[in-house]
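If you want the building blocks of each chain, they are given just below.
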Amino acid sequence: MSLHGSFLSDEQFQCSICLDVFTNPSSTPCGHSYCMSCINRYWDGAKVCQCPLCKKTFQKRPDLQINRTLREITEQFKSMRGGGVAGREKRGRKGGGGDGSIQDSLYDELRKKLPRPLPKIPISTTDGPPQSVSISALLSHNANSLASSFPNHTTMTSVDHPPTHPPPLNPSSRSSSRRRFTLSGAASNQDLPLCDIHQRGILVYCRTDQVCICPECETEDHNDHDTVTVETEWMKTKEQLRVSEQEIQEMILQRMGKIEEIRMSVTEMERAVDRETAGSVCLFSMLASAIERSQAELMEVMEISRRAAEHHADTMIRQLEREVEELQKREKALIELGQSDDQIHCVKTFPILSRTPPAKDWSGVSLNSDLGTAAVYRSLAGLVEKFQEELKTVLETGFPAPVEEPSPIRMQPRVKRVQEYALDVTLDSNTAHPRLMLSEDMKSVRCADRHHFMPDYPERFDRVVCVLGREAISSGRHYWEVEVGGKTDWDLGVARQSVSRKGKIDYTPNNGFWFLSLRDRSKYAFRSEPSTDVHLNLRPHKIGIFVDYEKGQVSFYNVDTKVHIYTFSDIFTENLYPFFSPCTNKSGKNDGPLIITPVNMSE
């Protein structure tokens, strides 16, 4: 009986999926065997796992393991299939007359590896005392057991041996027994590398020397070393690979987190730069504005003091000149009296001329050299001190981040739009009427009871109680707010740069004035031609003024109720200036100030 015909054939070791000899065979719960990779690929992506042969369905994908016994027999089959012909010819020449059965082949291989007589293996049975079974009988029994798992193939033929069954080997001796009784012939599997020395399949890994070897090398050179199958070492290495992969993934996540952290730091740095820039510009702008105002006020005070000193000096000089003139007359009379020959006239006139004429004692009189700048310097020192405190606060805590809070009341779109064009308006003292009193920060103005001595500048109003702002509007959009409080009379708006400022003025748009007026607490009107009366249901306490220079519009708003009041439309060809008039105080009834307030963007 031939090896491939009557006893074993390729089909008995063939995977029904790839139609090739088993590679790492694995058995399903229904008993059929396939290559491990073939059955896994067959089940990958399937919702329900089925056996390809019997179509048995498994609700849960089975956890398959390699059938080590079947794999070893398959490897032996591959080896013998490659050398079967040569073996038969050799036995024929010797006249052995063997039938070429698997038992004889296995026995011959064992005899090559074990020159001593094959020992008997004691096997426990359930019917009596332990019996001894030869290795050839044991191999024959394993071959027949394997053949029983292939019912569709030719039944294996065995030699005569006692009808006993070998007991299962314990785990501790499994690997050593497998290596002791496994015949590793020349490997025919293309996936299995060959040993350069023995031309056998490399199936063993030596942990001592950390090399992969064949079973022959294990017997000759690594007999006392720690050896395991390559598959066992690979499974252990796979676990280590998973751990290393997790460590690498953790390192990647840490570095990705650090990248995001650095990017967030850059974004925060940009925000800090914007915040620092805005805060520093505001802080130094306030200081520069305060210094400019103080400088202007200082020049004005010195000019007033100089003029006052000149006036005082002129008065004293004129009085002294009159006294000198009178004394010169007395001196001339005395000289003439001394030259007169009229003795009687001299006796009568001399007592009158000899009296000391009435004159002022000028010994303690001097010109006041005080320029009146002490108050200005004190005010500037206070501003500088406040600036130093703010600098110290910024140094310790930095500029605060802007806090955006949602507005509880949704404002009308027009008001919100104009607030974005807020203009920091200050009053120009050179244009103020002599009765007006301006605050130190040039943000409020009120009317006094009497005139104050002020330099008569060309730009100063001398008839109408009003004042202009410093900021010239020559383009763009600008918005500011003025608190009117409980005043009974006021005027607010803008004026052209070339308006007349002396004498009686007609406040109309044709003459360069666009403003809203209040009279007698309740009469609101616009000085148009003719005048336009306005009826407001709610009395405003704060007025918003918006100028769109290109569109030629001047609009007014009730800031408290967020309501648009009125809009002038005209054509602007020169600079415009904010216009303020607190009107006369009416014996204290209209004594309240007009106050320029900061624009609240969150309202």
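Residue numbering note: each chain is counted from 1, following its sequence as written. Owing to the predicted nature of the model, reporting of local features is limited to residues with pLDDT of at least 70; listing and counting of side-chain atom pairs is limited to 80 or more, with chain, interface and lining totals taken over all residues. The side-chain numbers reported here are obtained from all heavy atoms of the structure, hydrogens and water having been left aside.

1. Here's the deal with the overall build of the protein
In step 1: Secondary structure elements follow DSSP: runs of H or I no shorter than four residues count as helices, runs of E no shorter than two count as strands, and numbering proceeds from the N terminus. Scanning the protein from terminus to terminus reveals 11 helices and 22 strands.
In step 2: Each residue is placed in one exposure class: buried if its accessible area under a 1.4 Å probe, protein chains only, is under 20% of its type's maximum, exposed if it is over 50%, and partly exposed if it falls in between. Across the 603 residues that make up the protein, the buried fraction comes to 35%.
In step 3: Contacts are assigned to residue pairs that have any heavy atoms within 4.5 Å of one another. Counting only contacts in the protein whose residues sit at least 6 apart along the sequence, the fraction spanning at least 24 positions is 61%.
In step 4: Each accessible area is a Shrake-Rupley estimate made with a 1.4 Å probe; only the visible protein chains count as cover when residues are assessed. Carbon together with sulfur atoms contributes 53% to the accessible area of the protein, which is approximately 37200 Å² in total.

2. Quick look at the environment of Lys586
In step 1: Within the secondary structure, Lys586 sits in the loop between strand S21 (576-581) and strand S22 (594-597).
In step 2: We classify Lys586 as partly exposed; its relative accessible area is 36%.
In step 3: Residues Lys586 and Asp449, 137 residues apart in the sequence, show an inter-C-alpha distance of 8.8 Å.
In step 4: Apart from residues lying up to four places away in sequence, Lys586 is in contact with Thr488, Asp489 and Asp520.
In step 5: Any pair of nitrogen or oxygen atoms within 3.5 Å is treated as a polar contact; in protein, a donor-acceptor pairing is required on top of that, and neighbouring residues in sequence qualify only through side-chain atoms on both sides. Within polar-contact distance, the side chain of Lys586 engages the side chain of Asp489 at 2.9 Å.

3. A look at the sheet that holds strand S8 (residues 211-213)
In step 1: Note: two strands are recorded as paired if DSSP finds a minimum of 2 bridges between them. On the basis of which strands lie adjacent, the open sheet formed by 3 strands has the order S8-S7-S9 and antiparallel pairing. Of all strands in the sheet, those bounded by a partner on one side alone are S8 and strand S9 (227-229). This sheet shows a mean twist of 35° between the axes of neighbouring strands, independent of strand direction.
In step 2: Pairing of strand S7 (residues 204-206) with S9, which is carried by 3 bridges, proceeds in the antiparallel orientation. Within S9, the residue paired with Cys206 across the bridge is Thr227.
In step 3: The angle between two axes is taken between their N-to-C directions and runs from 0 to 180 degrees, where each axis is a line fitted to C-alpha atoms and a helix contributes only its stretch in contact. Here helix H8 (residues 230-339) sits on the sheet and contacts S7 and S9; the angle it forms with S9, its principal contact strand, is near 85°.

4. Quick notes on the nonpolar core
In step 1: Judged by nonpolar contacts, the single largest core of 35 residues is most densely connected at Trp480, Trp490, Ile543, Val554, Phe556 and Phe580.
In step 2: Dropping the residues within four chain positions of it, Phe580 is found in contact with Val425, Leu427, Cys466, Val467, Gly469, Trp480, Val482, Asp491, Leu492, Leu594 and Ile596.
In step 3: Definition of nonpolar core: a set of buried residues of the types Ala, Val, Leu, Ile, Met, Phe, Trp, Tyr and Cys, connected through side-chain atoms within 4.5 Å. Core analysis: the second largest hydrophobic core is formed by 17 residues, Cys15, Phe22, Tyr34 and Phe58 among them.

5. Details of a nonpolar patch on the surface
In step 1: On the surface, Ile248, Met251, Ile252, Met256 and Ile259 cluster together into a nonpolar patch covering about 460 Å² of accessible area.
In step 2: Summarising the element assignment, Ile259 is placed in helix H8. A patch consists of residues whose relative accessible area exceeds 30% and which take part in no salt bridge; residues with like charges are grouped when within 9 Å of each other, and nonpolar side chains (Val, Leu, Ile, Met, Phe, Trp, Tyr) when within 5 Å. By definition here, a salt bridge exists when the distance from a side-chain nitrogen of Lys or Arg to a carboxyl oxygen of Asp or Glu is within 4 Å.

6. Considering the pattern of salt bridges
In step 1: Applying the stated criterion to the full structure yields 16 salt bridges.
In step 2: A salt bridge links Lys502 to Asp456; its shortest N-O distance comes to 3.1 Å. With Lys502 in the loop between strand S14 (490-496) and strand S15 (513-519) and Asp456 in the loop between strand S11 (444-447) and strand S12 (467-468), the pair connects residues that are 46 residues apart, well separated along the chain.
In step 3: Exposure remark for Asp456: the relative accessible area of 60% places this residue in the exposed category.

7. What about the packing of aromatic side chains?
In step 1: Put simply, two rings from Phe, Tyr or Trp (the six-membered ring, in Trp's case) pair if the centres are within 6.5 Å, and we call them stacked under 30 degrees between planes, edge-to-face over 60, tilted for the rest. If you walk through the whole model with that rule in mind, you get 18 aromatic pairs.
In step 2: Ring plane angle 80° and centroid distance 5.8 Å describe the contact between Phe513 and Phe579, whose orientation is recorded as edge-to-face. On the criterion of sequence distance, the pair formed by Phe513 in strand S15 and Phe579 in strand S21 is long-range, its members being 66 residues apart.

8. Considerations on the sheet that holds strand S19 (residues 553-558)
In step 1: With antiparallel pairing, 7 strands are arranged side by side in an open sheet as S10-S11-S22-S13-S18-S19-S20. What marks the edges here is a single partner per strand, and that holds for strand S10 (436-438) and strand S20 (563-569). Averaged over all pairs of adjacent strands, the angle between strand axes in this sheet comes to 20°, irrespective of strand direction.
In step 2: Pairing between S10 and S11: 3 bridges, direction antiparallel. Across the sheet, the residue bridging to Leu438 is Val445, located in S11.

9. Here's the deal with helix H2 (residues 36-43)
In step 1: Turning to H2, its buried residues number three or more, namely Met36, Cys38, Ile39 and Trp43.
In step 2: Trailing H2 by a residue or two, Gly45 shows a phi angle of about 85°, which is positive.

10. Some points on the side chain of Thr28
In step 1: The residue Thr28 is located in the loop between strand S1 (25-27) and strand S2 (33-35) in this model.
In step 2: Ignoring sequence-local partners within four residues, the contact set of Thr28 consists of Tyr34, Trp43, Cys51 and Leu64.

11. Quick word on the packing of H8 against helix H9 (residues 343-354)
In step 1: Where H8 meets H9, the closest approach of the two axes is 11 Å, and the angle between their N-to-C directions is 160°. By the angle class used here, H8 and H9 are roughly antiparallel. Both H8 and H9 take part in a crossing whose hand is left-handed. Note on element contacts: H9 touches H8 through His345, Cys346, Thr349, Phe350, Ile352 and Leu353, opposite Arg330, Ala333, Leu334 and Leu337.
In step 2: When residue character is reported, Ala, Val, Leu, Ile, Met, Phe, Trp, Tyr, Cys and Pro are called nonpolar, Asp, Glu, Lys and Arg charged, and the others, Gly included, polar. Tallied by class, residues from the contact of H8 with H9 come to 7 nonpolar, 2 polar and 1 charged. Roughly parallel means an angle under 35 degrees; roughly antiparallel means over 145; roughly perpendicular covers 65 to 115; every other angle is labelled oblique. Crossings are assigned a handedness: left-handed for a near helix turned anticlockwise from the far helix by less than a right angle, right-handed for a clockwise turn.

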